[in-house]
Amino acid sequence: MSRLEEFARLARQLEAERRDAAKAVPLIVTDPERFLDEPLRREWLTLGMVEALCSAARTELVRSPERSLHIAQLATTIAEALVESYPRLIRVQVQAQAWKAMSNAHRLASRHPAALLALDVADRRIADEPALAHDRATLALARAITLREMDRTAEALLLLEGSREVFRNHRDLRQVAQCDLVIGMTHHRTGRFAEARQAFMRVIPVARAEDDLHTMAAAYNNLGRAAADAGDLNASVDALQQARSIFRELEMPTEIARTNWSIGVAQLSAARFDSAIGMLSEVRAELLKLGMPEEAGLAGVDLIEALLATNARAAARDLAVTIVEEFRNARLNERALQALSYLRETADVATAETAHQIGTYLRRLTNEPALLFVAPDRNR
Amino acid sequence: MSVHLSAETRSDGELAATYEAHFDLLVGIAVSRFGIDRADAETLAHEVFLAFLTCVDRINDQRAWLVSAIFNASKNYVRRAQRTEPLPEDGRDPADPRYARAGQQWPDVLAAREAFARLTPRCQLALRLRHLEGYTIPEIATILGTTSKYAAKLVGRCLDQAQRRYGGGGAS
């Protein structure tokens, strides 16, 4: 068989496998964990099935990282069991994709060491394949996102620059935009607001040209936050409003609430306390309605900061009491409860700065669950 | 739920046409720009097309993607070739000692593979991580998102299951 014939045969086979997988995967997605404990069905041992499961794992990421992990584990097992009639290059390519799907699920659940271990396996699968430079860049991007979340920003930036170059050479503009988005977020985390804003600005025209509304909204949202931290309130609110209108178009209530929250925080930073109090109250109510008590609590701490700044101590204390109760009922992190209890008990004497420090601690706690709470110095 | 379906947008005929239209270009780049011999250049170009097959729906500019892919593949190939020592012309070519008893080992290898294939996905994954990837129990626990105690128990249970199946036992 000639190479062209082999290629055409494989393309036909893949089409048929994708059609079959499209029928099987919805059943698996209803209860993926069950299928981890049943023998693998022979008809599932196809490349099309691995692709479809990786795609389903991606879709499930936001809804349920656990479900996404189980789907990715199934995809990985199938990818590793693919028969040798597939070309080796394609087998290792989809094996790497499946391990990456597993890594993503761990990352979304804040299990960063697990995410890195899964990426190590993915990297090993394709390290020796000259033709898979684009795949290696995709894995490097995934690793950079994980490292950024672990505050290993220098390593993340190094990987991002390399990946961006490969994607740019392949004219894969969508991935270039993803790199720029993560570069901006990394600079933002290290306080380099100007570089962060430049990176986010690069994303917007590309995402617009690609009609990629999610990325465009994410870029505006991050741009707004970076501008707020740089003290540029007008630019911040403009960008955040753009993000909000896209999230409305996409019908994403959670993201709309989060963007309103960012607008409230920007107003707080600019000492527009009355506007901030109005906006943050609405955001908190919306987050509670959406069943997000942890984020509602964090928005509440921002609201307490605004209330303390206007000397509304009774309202601040009442809110602190309510948030402690909500956290307790939702069985959220004990250390967070400790910090919030401190805020409740000191509400009569605390400053807005105290609330700000507790808000900063709670935000760090989401990435570092073992971080100890140290009471802010009240005499400062 | 959305499932990746390239069949709706790219038929195998279109893909084959893309292959035919670009294959010589890719081989030409590998040969003329990187000095790779024609046979190896053809293999590289074919591999670039195989990689292209699984991600074609996400590619905007096929020609740019293929050209960039062959550039990267060729660079990688040349870098690798520089690190390879050729065998001496008159040197002996001894057989790989690992295969000295291949004839006797094959039945066992095939039986072990068959036993492994009949395990549940959870067991296949746990045993792969432990015995093929060489991870420790705590690392396996991390990757599976569970405790070390459970991971150790799982690996032990799966090994028992595999041994029973290797010995011709039924499902547990």
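Residues numbered from 1 in each chain as written. Chains lettered and ligands numbered in written order. Predicted model: local features only at pLDDT ≥ 70, side-chain atom pairs only at ≥ 80, totals over all residues.

Describing the overall build of chain B
Test applied: In DSSP terms, a helix is any run of H or I states spanning at least four residues, a strand is any run of E spanning at least two, and both are numbered starting from the N terminus. Burial in this document is a count-based property: other C-beta atoms within 10 Å of a residue's C-beta are tallied, and the residue is buried at 20 or more, exposed at 12 or fewer, or partly exposed in between, with C-beta positions derived from the backbone.
Assigned secondary structure in chain B consists of seven helices and zero strands. Reading the secondary structure of chain B in the N-to-C direction produces α-α-α-α-α-α-α. Burial analysis of chain B (172 residues in total) assigns 31% to the buried set.

Looking at the domain arrangement of chain A
We apply this condition: Each domain's extent was defined by an automatic or database domain assignment.
Assigned domains within chain A: domain 1 (1-128) and domain 2 (271-380). Relative to domain 2 of chain A, the C-alpha centre of domain 1 of chain A lies at a distance of 42 Å.

As for unusual backbone geometry
Residues and elements named next belong to chain A. Phi angles above zero are rare outside glycine, and Ala-271 is one such case at about 60°. Relative to the helices and strands, Ala-271 is located in the loop between α13 (253-269) and α14 (273-289). Classification of Ala-271 by C-beta neighbours within 10 Å gives exposed; the count is 11.

As for the interface of chain A and chain B
How we decide: The contact criterion used is a C-beta to C-beta distance within 7 Å, with each C-beta placed from the backbone. Only Asp, Glu, Lys and Arg are considered charged, only Ala, Val, Leu, Ile, Met, Phe, Trp, Tyr, Cys and Pro nonpolar, and every remaining residue, Gly among them, polar.
If you look at the interface, chain A gives 55 residues, while chain B gives 44 residues. When residues of the side of chain A that touches chain B are traced back to their parent elements, those giving at least two are α1 (3-30), α2 (32-36), α3 (47-63), α4 (65-80), α5 (88-108), α6 (112-126) and α7 (133-149) of chain A. Among the elements that take part in the side of chain A that touches chain B, α1 of chain A stands out by supplying 16 residues, more than any other. Its residues assigned to classes, the side of chain A that touches chain B comprises 34 nonpolar, ten polar and eleven charged.

Description of the packing of α1 of chain A against α3 of chain A
Residue and element names in this part refer to chain A. Using the following cut-off: To obtain an axis, a line is fitted to C-alpha atoms, over the contacting stretch when the element is a helix, and the angle between two such axes runs from 0 to 180 degrees between their N-to-C directions. Any angle between 65 and 115 degrees counts as roughly perpendicular, while under 35 counts as roughly parallel, over 145 as roughly antiparallel, and the rest as oblique. Definitions for this section: a left-handed crossing has its near helix turned counterclockwise from the far helix by less than a right angle. A right-handed crossing has that turn clockwise.
Two elements in contact, α1 and α3, have axes whose closest approach is 7 Å; the angle formed by their N-to-C orientations is 45°. With respect to each other, α1 and α3 are oriented oblique. As for the relative orientation of α1 and α3, their crossing is right-handed in sense. Where α1 approaches α3, its residues Leu-14, Glu-17, Arg-18, Asp-20, Ala-21, Ala-22, Ala-24, Val-25 and Val-29 are matched on the opposing element by Leu-47, Gly-48, Met-49, Glu-51, Ala-52, Leu-53, Ala-56 and Glu-60. Looking at the contact of α1 with α3 residue by residue, the class counts come to eleven nonpolar, one polar and five charged.

Side note on helix α1 (residues 12-34) of chain B
Residue and element names in this part refer to chain B. Our working rule: Multiplying one less than the number of residues by 1.5 Å gives the expected span of a helix. Bend is computed residue by residue as the angle between axes fitted to the seven residues ending at the residue and the seven residues starting at it.
Counted at 1.5 Å a residue, the expected span for α1 with its 23 residues is 33 Å, and the 31 Å between its end C-alpha atoms agrees. The sharpest bend along α1 measures roughly 40° and falls at His-22. Three or more residues of α1 are buried, namely Asp-12, Leu-15, Tyr-19, Leu-26, Val-27, Ile-29 and Ala-30. Following α1 by one or two positions, Gly-35 has its phi on the positive side, about 65°.

With respect to the nonpolar core
Quick note on the threshold: Think of a nonpolar core as buried Ala, Val, Leu, Ile, Met, Phe, Trp, Tyr and Cys residues, each tied to the set through C-beta atoms within 7 Å.
Leu-53 and Ala-75 of chain A together with Val-48 of chain B are the most contacted members of the largest nonpolar core, which has 164 residues in total. Those residues in contact with Val-48 of chain B that sit more than four places away from it in its chain are Ala-131 of chain A together with Leu-26, Leu-66, Ala-69, Ile-70 and Ala-73 of chain B.

Remarks on the packing of α13 of chain A against α14 of chain A
All names here are of chain A. Direction vectors running N to C along α13 and α14 enclose 155°, while the axes themselves pass 8 Å from each other. On the basis of the axis angle, α13 is roughly antiparallel to α14. The handedness of the crossing between α13 and α14 comes out as left-handed. Only Ser-275, Ala-276, Met-279, Leu-280, Glu-282, Val-283, Glu-286 and Leu-287 of α14 make contact with α13, whose side of the interface consists of Ala-257, Asn-260, Trp-261, Ile-263, Gly-264, Gln-267 and Leu-268.

A closer look at the environment of Asn-72 of chain B
Residues and elements named next belong to chain B. Secondary-structure assignment places Asn-72 in helix α3 (residues 62-82). According to the C-beta neighbour criterion, Asn-72 is buried, with 21 such atoms within 10 Å. When the C-alpha positions of Asn-72 and Val-31 are compared, they lie 14 Å apart, and in sequence the two are 41 residues distant.

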